[in-house]
There are 2 protein chains.
Amino acid sequence: MSFWKTWFSPPTSTSATKASNGGAIQPIRVTEQGEHIYCTNERDLDLYELEELCDAVGWARRPIHKVKKALAHSFLVVAMWSQRGSYRRLIGFARATSDHTFNATIWDVVIHPDFQNQGLGKALMDRVIRDLRAQDISNVTLFADRGVVEFYRRLGFTPDPEGIKGMFWYPDHFA
Amino acid sequence: MSFWKTWFSPPTSTSATKASNGGAIQPIRVTEQGEHIYCTNERDLDLYELEELCDAVGWARRPIHKVKKALAHSFLVVAMWSQRGSYRRLIGFARATSDHTFNATIWDVVIHPDFQNQGLGKALMDRVIRDLRAQDISNVTLFADRGVVEFYRRLGFTPDPEGIKGMFWYPDHFA
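Worth saying up front: this structure is predicted, and the values here are computed from it rather than measured.

### Re the environment of A:A94
With respect to the helices, strands and loops of the structure, A:A94 is situated in strand β6 (residues 87-98). Separated by 17 residues in the primary sequence, A:A94 and A:I111 place their C-alpha atoms 9.0 Å from one another.

### Points about the interface of chain B and chain A
The partner chain A presents 54 residues to the 54 residues of chain B that form the contact. For the chain B and chain A pair, buried surface summed over both sides reaches about 5,300 Å², with 62% attributable to carbon and sulfur atoms. The interface formed by chain B and chain A includes six salt bridges. Considering every element that reaches the side of chain B that touches chain A, the biggest residue donor is strand β8 (residues 139-144) of chain B, with six residues. Split into classes, the residues belonging to the side of chain B that touches chain A amount to 24 nonpolar, 16 polar and 14 charged. Relative to strand β10 (residues 165-169) of chain B, strand β9 (residues 157-159) of chain A runs antiparallel, the two being bridged by three bridges. Within β10(B), the residue paired with A:T158 across the bridge is B:F168.

### Regarding the sheet that holds strand β7 (residues 103-111) of chain B
Strand order in the open sheet made by the eight strands is β3(B)-β4(B)-β5(B)-β6(B)-β7(B)-β8(B)-β10(A)-β9(B), with mixed pairing throughout. The open sheet has two free edges, formed respectively by β3 (29-30) and β9 (157-159) of chain B, since each of these has just one partner strand. Relative to strand β6 (residues 87-98) of chain B, helix α2 (residues 47-56) of chain B is tilted by about 85 degrees, and along the sheet it contacts β5 (76-84), β6 and β7 of chain B.

### Here we look at the pattern of salt bridges
As enumerated under the stated definition, the model contains 26 salt bridges over all chains in all. Residue B:D99 is joined to A:R95 by a salt bridge in which the shortest nitrogen-to-oxygen separation is 2.9 Å. On the criterion of chain membership, the pair formed by B:D99 in the loop between β6 and β7 and A:R95 in strand β6 is interchain, its members lying in two chains. Side by side, B:D99 and A:R95 carry an identical accessibility label, which is buried. Beyond isolated ion pairs, a larger network of salt bridges with shared partners links A:R62, A:R95, A:D108 and B:D99.

### Description of the relation of the copies chain B and chain A
Superposition of the two copies of the chain requires a rotation about an axis together with a shift along that axis. Under the fitted operation, chain B is carried onto chain A by 0.0 Å of movement along the axis and a turn of 180 degrees, and the coordinates agree to an RMSD of 0.0 Å. The symmetry that links the two subunits is that of a two-fold axis. Among all residues of chain B, the one whose C-alpha sits closest to the rotation axis is B:G166, at a distance of 2.1 Å. Interface overlap between copies: 100% of the residues of chain B at the interface are likewise at the interface in chain A, consistent with a symmetric, same-surface contact.

Conventions used here
Residues numbered from 1 in each chain as written. Chains lettered and ligands numbered in written order. Predicted model: local features only at pLDDT ≥ 70, side-chain atom pairs only at ≥ 80, totals over all residues. Heavy atoms only, no water. Helix = DSSP H or I, 4+ residues; strand = E, 2+ residues; numbered from the N terminus. Contact = heavy atoms within 4.5 Å. Buried area = accessible area lost by both parts, 1.4 Å probe. Salt bridge = Lys/Arg side-chain N within 4 Å of Asp/Glu carboxyl O. Nonpolar A, V, L, I, M, F, W, Y, C, P; charged D, E, K, R; others polar. Pairing = 2+ DSSP bridges. Axes fitted to C-alpha atoms, helices over the stretch in contact; angles between N-to-C directions. Buried < 20%, exposed > 50% of the residue type's maximum accessible area, 1.4 Å probe, protein only. Least-squares fit on C-alpha atoms with pLDDT ≥ 70 in both.

Spatial relationships are all this shows, so hold off on functional conclusions.
Set out below in structure tokens:
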């Protein structure tokens, strides 16, 4: 089945989750334990819950007020949730900056270790790409750590296409 | 002299250009022909003049309404001008997307061929970096075409630091 058919077609499942923020949302998956896994575009997240998620994968802590500002100025935020009954837990996250037109760059992609190796990273990224494409963004980019280059390659990302190099500026260069 | 001392200290030149948009602006250079070269952060540019500039370096044309939207949603726009008397000409351009906090990505860096190989690309990029650093952006990134990787390296950009790869998503991958 092609990517487009899998992810870009309307949902066909009849099982819907009543998300904490209202609206019926199609779950990505319903686990054997009855947990509904789904994504939303909420950006008014509990930032301490987001910090916990980032802690869980060992990321360096960032000041909460800066994270809040960065979320407010991200073009896209995708949050992945696991919900059972009325309790939901943030289990994944990604965001993108963009000029709203041509280019987007995806940052801070994370899945909680308890939920890794179950295809949820792919589901999260497919949601991000679908959302960006729905906004007619033509150039979807990211900077991948060495260990996840293969993961992104399997999702359709190409490293260094036509010799284009991702580059980072370091002030130390001038010390 | 260190980068910081060169570019981050207050202007010391006493020669100032009265830019078309008002305000006295320190020129980067005054040519032998009396042209003042300077940068501004105007984003309300004449988009046809910008298109001419991009045409001059052979870039593919983009719909004007999209360019307008992209400029409006760029975090930073830097325009470089050559001015003689009251006539000014757009000779360089760059912009950046950002989350206003952690990350910025620089796009569409261009210097008109008539003004290349005079150090103005460096001056334009130094202005971009200075503006981003003044906003406390810590992670300044870009995607460099093969032919300009060396140019950016000399400005302090590192390709693939710690194995991080710039990656682009291509829908064709799934065709």
